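Here is how the chains run, residue by residue.
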Amino acid sequence: MFSPSRFSPSRFTARRRVLAAAGASAALALTLAACGSSGDSSSMPGMDHGSKPSASSSSSSSKSPAMGDMPGMDHMASGNGLSDGKDGYRLTSKDTTLPGGKQAAYGFTVTGPDGKAVTDFAVDQTKRMHFYAIRSDLTGFQHLHPTMAADGTWSADLSALAPGSWRMFTSFTPNSGAGKGKDFVLSRTVTVPGDAAKTPLPAPAATTRVDGYTVTVKGELMAGMAHPLTVSIAKDGKPVTDLQPYLETYAHLTSFHEGDAAFAHLHPTTKVTGDNGGPDLSFHAELPTSGNWRLFLQFRTGGKLHTAALTLRVG
């Protein structure tokens, strides 16, 4: 039976307010869900790849205009480099052991999704392939630029290796095929027979010395966040201003995480203007895993390459 009191104006207004509130809540939920799955969140360092210590994606759409102008920012490989395969590309090698105490060649091949050896690589910082060797205790760092034969076989000529477990990293960008323009860091391990005495990692420090140069690092890094890092170089207490270009930068900075030797390349943001670099150099640092990182800074003066190493603590 019809009851006017059930449909009074006051009750109708109250019901309309309840429905409006419910609609607003649903719209807010949809908005939050959209934000959670947007490209913005995935571009935040550490939000989409957990332990990946790389910087951001190589996609230009995820970069701000300012970042796009930074030297080296167009080549930022994703992944920590601790796998020999990614997206169908694989690092293969017959070498599982290498002799210690003398020079040795490490041979390897990069195969594509079709299983064939990749021979077409893009130039990144003047080289088509960057190769790194690091011992499990983060000593014995070597950064090489191997040569490739016509069939896609690469050879890296290593200096004498100390006994122990070593990880061989390859950093490259295919110039054709499914992975064209995408940066990869892949690695494999090798064993050097002998008495593998472990060297304790030096304590975190802001300053180190090499070849008479004092290298100072400034910057408070937090895991999973992008931070600027400044490196200053001095000699005999005076700022160094005669840094020469090396790989299209004034300094090349590579880092490895204590415990698993995860790889990260810290990208320079200081533009090269001739043989007068220094004393302060800027880097874009994104190290998503907390703990100790061993940094290796390479710079050139008077035609000589110097390599400084120090430990940096990331909170």
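Predicted model, so just to flag it, every value in this text is computed and none were measured.

(A) Focus on the overall build of the protein chain. Of regular secondary structure, the protein chain possesses three helices and 18 strands. Going through the 315 residues of the protein chain one by one, you find that 42% of them count as buried. The long-range fraction of contacts in the protein chain, counting pairs at least 24 apart against all pairs at least 6 apart in sequence, stands at 65%. For the protein chain, the exposed surface amounts to about 15700 Å²; the carbon and sulfur share of it is 54%.

(B) Representation of the side chain of Glu-286 in the model. Within the secondary structure, Glu-286 is located in strand S16 (residues 280–286). Polar side-chain contacts of Glu-286 include one of 2.4 Å to the side chain of His-284.

(C) Just the side chain of Gln-298, in detail. With respect to the helices and strands, Gln-298 occurs in strand S17 (residues 291–301). Among the polar contacts listed, one links the side chain of Gln-298 to the side chain of His-143, at a separation of 2.7 Å. Excluding residues that lie within four positions of it along the chain, Gln-298 makes contacts with Phe-141, His-143, Tyr-246, Tyr-250, Ala-251, His-252, Leu-305, His-306 and Thr-307.

(D) Focus on the environment of Val-231. Tracing the chain through its elements places Val-231 in strand S12 (residues 226–235). Its relative accessible area of 1% is what places Val-231 among the buried residues. Residues Val-231 and Leu-253, spaced 22 residues apart in sequence, show a C-alpha to C-alpha distance of 9.8 Å.

(E) Main features of the environment of Thr-147. Among the structural elements, Thr-147 can be located in strand S6 (residues 147–148). Of the residues examined, Thr-147 reaches a relative accessible area of 55% and is grouped as exposed. Along the chain, Thr-147 and Met-129 lie 18 residues apart, while their C-alpha atoms are 8.3 Å from each other.

(F) Spatial organisation of the sheet that holds strand S9 (residues 184–192). In spatial order, the strands read S5-S4-S8-S9; together these four strands make up an open sheet with antiparallel pairing. Among the strands making up the open sheet, the edge pair consists of strand S5 (142–144) and S9. Pairwise comparison of adjacent strand axes, ignoring direction, gives a mean angle of 20 degrees for this sheet. Here strand S4 (residues 130–135) pairs with S5 via three bridges, running antiparallel. By the bridge assignment, Tyr-132 is partnered in S5 with His-143.

What counts, and at which threshold
Numbers given for residues are sequential positions, taken from 1 along each chain in its written order. Side-chain atom pairs in this predicted model are given and counted only at pLDDT of 80 or more, local residue features only at pLDDT of at least 70, and totals for whole chains, interfaces and linings cover all residues. No hydrogens and no water enter the side-chain calculation; it runs on all heavy atoms of the structure. Numbering of helices and strands runs from the N terminus, with a helix taken as a DSSP run of H or I at least four residues long and a strand as a DSSP run of E at least two residues long. For each residue, the accessible area found with a 1.4 Å probe, counting protein chains only, is set against the maximum for its type, and the residue is called buried under 20%, exposed over 50%, and partly exposed in between. Any two residues whose heavy atoms approach within 4.5 Å are treated as being in contact. Accessible surface area values rest on a Shrake-Rupley calculation with a 1.4 Å probe, where residue burial reflects the displayed protein chains alone. Each polar contact in these results corresponds to two N or O atoms within 3.5 Å; when the atoms are within protein, one needs to be able to donate a hydrogen and the other to accept it, and residues that are neighboring in sequence are counted only if both atoms are side-chain atoms. Should DSSP find at least two bridges between two strands, the strands are regarded as paired. Only the contacting stretch of a helix is used when fitting its axis, a line to C-alpha atoms as for every element, and angles between N-to-C directions run 0 to 180 degrees.

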